[in-house]
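Chain by chain, the residues run as shown.
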Amino acid sequence: MEIASGITFGIALVLTSLCINYLILGSKLRIDFYRLALTASSVLLLAVVAESLINPLYELWFGSKLWEYRILPLHDSNVSALGLIVWTAYGIHLYFTMQTLEAKLPPRWNTPSGIAFIIGFEAPFVFEVLGNLIFLRLLGEYYAYYLPSDVYHLTSFRVIPIYMLCVYLGLLVLNYLTSLPRRITLPPALFSAGIVYLLAG
């Protein structure tokens, strides 16, 4: 049931993102399968590594964790096995959304820092809130339970600067990977590394 719910959420996220971004961009929305796979696999690997490192550091500095995964937890509940589906789907959503942001943002915002600022709000208050509400509906349990109660444990204002920093660094990594000559083996390698890292927890 947990895996089916993860697949349901992942498909819903991807289809919703595709429709919204297509409504905004129309035929200008591109689907380059290499870039899509590169973005999705990079997001998966970077996200699960970041989650497993940031949450313990937050606990060390502030005395308690920021979140706990409640569904298929790994790495001391800092990561979920469903991240394989959820973060991959978010990477596909990010691939579509980045095209819209790059096409519609004014030049001063159309930078890695400007885009990271926007996604730093979008990710917790759209992706995480809706994700948790869907899992609560399907399974009666939070996907990622935030210990602070400022947003009813669905997410937290405290995560915004963390998201902004992680997205900014992730965009730099993604821009670098995108600048490399295309290697068909790169996205599968990144995806495999993300799976191995998850299973190591």
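Since the structure is predicted, the reported quantities are computational estimates derived from the model, not experimental observations.

Asker: Sorry, what's going on with the environment of Pro148 here?
Answerer: With respect to the element layout, Pro148 can be found in the loop between strand E4 (144-146) and helix H5 (160-179). In this structure the C-alpha to C-alpha distance between Pro148 and Ile31, which are 117 residues apart in sequence, comes to 38 Å. Filtering out sequence-adjacent residues up to four positions away, Pro148 remains in contact with Leu66, His153, Thr155, Ser156 and Arg158.

Asker: Honestly, the packing of aromatic side chains in this entry has me stumped. Any pointers?
Answerer: Any two aromatic rings considered together are summarised by their centre-to-centre distance and by the angle between their planes. Under the criterion given, the structure shown has 14 aromatic pairs. Geometrically, the ring pair formed by Phe9 and Phe127 is tilted, given 6.0 Å between the ring centres and 40° between the ring planes. With Phe9 in helix H1 (residues 2-25) and Phe127 in helix H4 (residues 112-139), this pair connects stretches of sequence that are 118 residues apart. Comparing Phe9 with Phe127 shows no difference in burial state: the two are buried. Ring centres of Trp87 and Tyr90 lie 5.9 Å apart, and the angle between their planes is 90°; this geometry places the pair in the edge-to-face category. Placement of both Trp87 and Tyr90 in helix H3 (residues 83-104) is noted, with a separation of 3 residues, approximately one turn of the helix. Pair check on accessibility: Trp87 and Tyr90 agree, each one buried.

Asker: Looking at this structure, how should I read the side chain of Ser42?
Answerer: Note on placement: Ser42 falls in helix H2 (residues 33-62). The class of Ser42 is buried, set by a relative accessible area of 4%. Contact partners of Ser42, with chain neighbours within four places excluded, come to Leu174, Leu177 and Leu190.

Asker: Got a minute to help me understand the pattern of salt bridges in this structure?
Answerer: Opposite charge on two side chains permits pairing when their charged atoms draw close. Under the counting rule described, the total for this entry stands at 4 salt bridges. Ionic pairing is found between Arg182 and Asp32, a salt bridge with its closest N-O pair at 2.5 Å. Of this pair, Arg182 sits in the loop between H5 and helix H6 (186-199) while Asp32 sits in the loop between H1 and H2, placing them 150 residues apart in sequence. A residue is classified by how much of its surface remains accessible, and Asp32, at 24% relative accessible area, is partly exposed. Put simply, Lys65 and Asp76 hold a salt bridge, and the shortest N to O gap is 3.2 Å.

Reading guide: rules and limits
- Each chain has its residues counted from 1, running along the sequence as written.
- Local features are withheld for residues below a pLDDT of 70 in this predicted model, meaning they are given only at 70 or higher, and side-chain atom pairs are given and counted only at 80 or more; totals for whole chains, interfaces and linings count all residues.
- Excluding hydrogens and water, the side-chain values take into account all heavy atoms of the structure.
- Each helix is a run of H or I in the DSSP string that is no shorter than four residues. Each strand is a run of E no shorter than two, and both are numbered from the N terminus.
- Note on contacts: a residue pair qualifies if any of its non-hydrogen atoms lie within 4.5 Å across the two residues.
- Side-chain rings of Phe, Tyr and Trp, where Trp is taken by its six-membered ring, are said to pair if the distance between their centres is within 6.5 Å; with planes under 30 degrees apart they count as stacked, over 60 as edge-to-face, and otherwise as tilted.
- Relative accessible area decides the class of each residue, using a 1.4 Å probe on protein chains only: under 20% of the type maximum gives buried, over 50% gives exposed, and in between gives partly exposed.
- Whenever Lys or Arg places a side-chain nitrogen within 4 Å of a carboxyl oxygen from Asp or Glu, that contact is recorded as a salt bridge.

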